[in-house]
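# Reading the structure
Single-letter residue listing:
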Amino acid sequence: MALVNKLSLSSFSSSNSKSINPINPKAIICSLHFKTSSFSSSSSPFTEKHSLERYQRDQWIYSNLHQQKPLEPTSCSVSEDNEDSRRQDDIELQLPELKKLLEVLREKRESKCCGDGREDKCGPGDVYLVGTGPGDPELLTLKAMRVIQKADLLLYDRLVSNDVLDLVSQNARLLYVGKTAGYHSRTQEEIHELLLSFAEAGATVVRLKGGDPLVFGRGGEEMDFLQQQGIQVKVIPGITAASGIAAELGIPLTHRGVANSVRFLTGHSRKGGTDPLFVAENAADPDSTLVVYMGLSTLPSLALKLMHHGLPPNTPAAAIERGTTPQQRVVFAELKDLTDKISSAELISPTLIIIGKVVSLSPFWPYSSKEAPCMAEAK
């Protein structure tokens, strides 16, 4: 009963939340569709927060709205000032269908228990944290494929590519729980409650995450929460963006005589500002490779700090938008010029940043480098 008793109350009955007005079907249609911009959801390999693809994929959860008025594809702008109320309206509309699905799953489990008296069929369902890689569906593991196709319910993030989601069984239910800067379709606590509720109902629940679920994916938090509730969690690793994208560009993350270690950093700031969360002096090691996730907004500060701590300004670097997908775009530059080059190219999230001498080993590195002969001769 976690979803019914906890999620609905915490989301809509707290003293801090705004009261929900009767839902306007036309307003909801708008909230589910993409906003016109220089980057439209139709060109994205991923699920944008108000994309047509998201609505079509998750339309089962809006059946109440179907009964009121048939939905037709519509394009409209979304007011950033009203994101919170739109999110609350969206979840309010979803709750009846989520509760209905929970009832169906409980009845299915109870019928199995009564049918042969096996107690093992009456316990909680399985929860899988599944990494889907950086976007290319061919980078999925066989184990991930098998689990995705047997799931009852899949909770998926923004950076799970549309091509991967096309592989989900037609009998499964998909629910978007993605997060973007300034907009979380579900809070982390709500995601926890959804996973717990459906596991308690005996469902096979898959939590789909881009890349690897335990690399900057908050998979550890979800696993810890569920295990404390007595729910068994199985993790299926995915190819993290650093490995998949570097391989796509022919960049060795380590290379004998050039880079003897690799370090993954998050570019997120503590309070949404422009300062990176943490940059240690040893992160500026010229004999190491740095890979920065989610670092577009904090790169200007990060680059200055790295150079301040001794990383040469001419260190090769690359920024890769939507890596391994057909929409991939890449900017190569020396560290001192990287921020300006990214700005000129107007790269957007998700963009991975790789900094280190190994970048110039890529066959796509466009610059001549005085260090290149040394690197080529290292054996």
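Cut-offs used in this document
- Along each chain, the written sequence defines residue order, and numbers are assigned to residues from 1.
- Selection of residues for local features in this predicted model requires a pLDDT of at least 70, selection of side-chain atom pairs for listing and counting requires 80 or more, and totals for whole chains, interfaces and linings are taken over all residues.
- Side-chain numbers here rest on the full set of heavy atoms in the structure, without hydrogens or water.
- Where helices are involved, their axes are fitted lines through C-alpha atoms of the stretch in contact, as for all axes, and angles between N-to-C directions lie from 0 to 180°.
- Helix and strand labels come from DSSP, where a helix needs a run of H or I of at least four residues and a strand needs a run of E of at least two; each type is numbered from the N terminus.
- Convention used here: angles under 35 degrees read as roughly parallel, angles over 145 as roughly antiparallel, angles from 65 to 115 as roughly perpendicular, and any remaining angle as oblique.
- Each crossing is labelled by how the near helix is turned from the far one, with a counterclockwise turn of less than a right angle marking it left-handed and a clockwise turn marking it right-handed.
- Whether two residues are in contact is decided by their heavy atoms: any pair within 4.5 Å suffices.
- In this classification, Asp, Glu, Lys and Arg are treated as charged, Ala, Val, Leu, Ile, Met, Phe, Trp, Tyr, Cys and Pro as nonpolar, and every other residue, Gly included, as polar.
- Here the aromatic set is Phe, Tyr and Trp, taking the six-membered ring for Trp, and pairing holds for ring centres within 6.5 Å; pairs whose planes are under 30 degrees apart are stacked, those over 60 apart are edge-to-face, and all others are tilted.
- In a helix, the anticipated span is given by 1.5 Å times the number of residues less one.
- Accessible area is worked out with a 1.4 Å probe on protein chains only. A residue is then buried under 20% of its type maximum, exposed over 50%, and partly exposed in between.
- Being paired, for any two strands, means DSSP has found at least two bridges between them.
- Grouping buried Ala, Val, Leu, Ile, Met, Phe, Trp, Tyr and Cys residues that are joined through side-chain atoms within 4.5 Å yields what is termed a nonpolar core.

Contact geometry for helix H8 (residues 188-200) and helix H9 (residues 219-228): axes closest at 10 Å, N-to-C directions at 50 degrees. With respect to each other, H8 and H9 are oriented oblique. Once H8 is placed against H9, the crossing between them reads as right-handed. Within the contact between the two elements, H8 uses Gln188, Ile191, His192, Glu193, Leu195 and Leu196 and H9 uses Glu221, Glu222, Phe225 and Leu226. Tallied by class, residues from the contact of H8 with H9 come to 5 nonpolar, 2 polar and 3 charged.

Taken as a whole and judged by the stated rule, the model has 5 aromatic pairs. Put simply, the rings of Phe216, Phe264 and Tyr293 touch in pairs and so form one group of aromatic residues.

Right, let's get into H8. Its 13 residues give H8 an end-to-end C-alpha distance of 18 Å, which sits within 8% of 18 Å, the value for a rise of 1.5 Å per residue. Of all 13 residues in H8, 11 are buried, a share of seventy percent or more. Of all the residues in H8, the buried ones are Gln188, Glu190, Ile191, His192, Glu193, Leu194, Leu195, Leu196, Ser197, Phe198 and Ala199. Remark: glycine 202 follows H8 within two positions and exhibits a positive phi of approximately 90 degrees.

Glancing now at the sheet that holds strand S6 (residues 205-209). Read from one edge to the other, the open sheet built from 5 strands follows the order S3-S2-S6-S1-S7, with strand pairing classed as parallel. Pairing within the sheet leaves two strands with one partner each, and these edge strands are strand S3 (173-176) and strand S7 (233-236). Shown here is a sheet whose adjacent strand axes are inclined to one another by a mean of 20 degrees, direction ignored. Both strand S1 (residues 127-131) and S6 contribute to a ladder of 5 bridges, which runs parallel. Paired with valine 127 across the strands is valine 205, a residue of S6. Sitting on the sheet, helix H6 (residues 142-150) touches S1, strand S2 (153-156), S6 and S7, and the angle it makes with S1 is about 130 degrees.

Below, the discussion takes up the nonpolar core. Counting 31 residues, the largest nonpolar core has Leu98, Leu155, Leu175, Phe198 and Leu226 as the members making the most contacts within it. For this core, the secondary-structure elements that each account for two or more residues are helix H5 (83-116), S1, S2, H8 and H9. The leading source of residues in this core is H5, at 7 residues. If you look at the next biggest cluster of nonpolar residues, it comprises 20 residues, including Leu265, Ala284, Leu290 and Ala333.

By themselves these figures say nothing about function.
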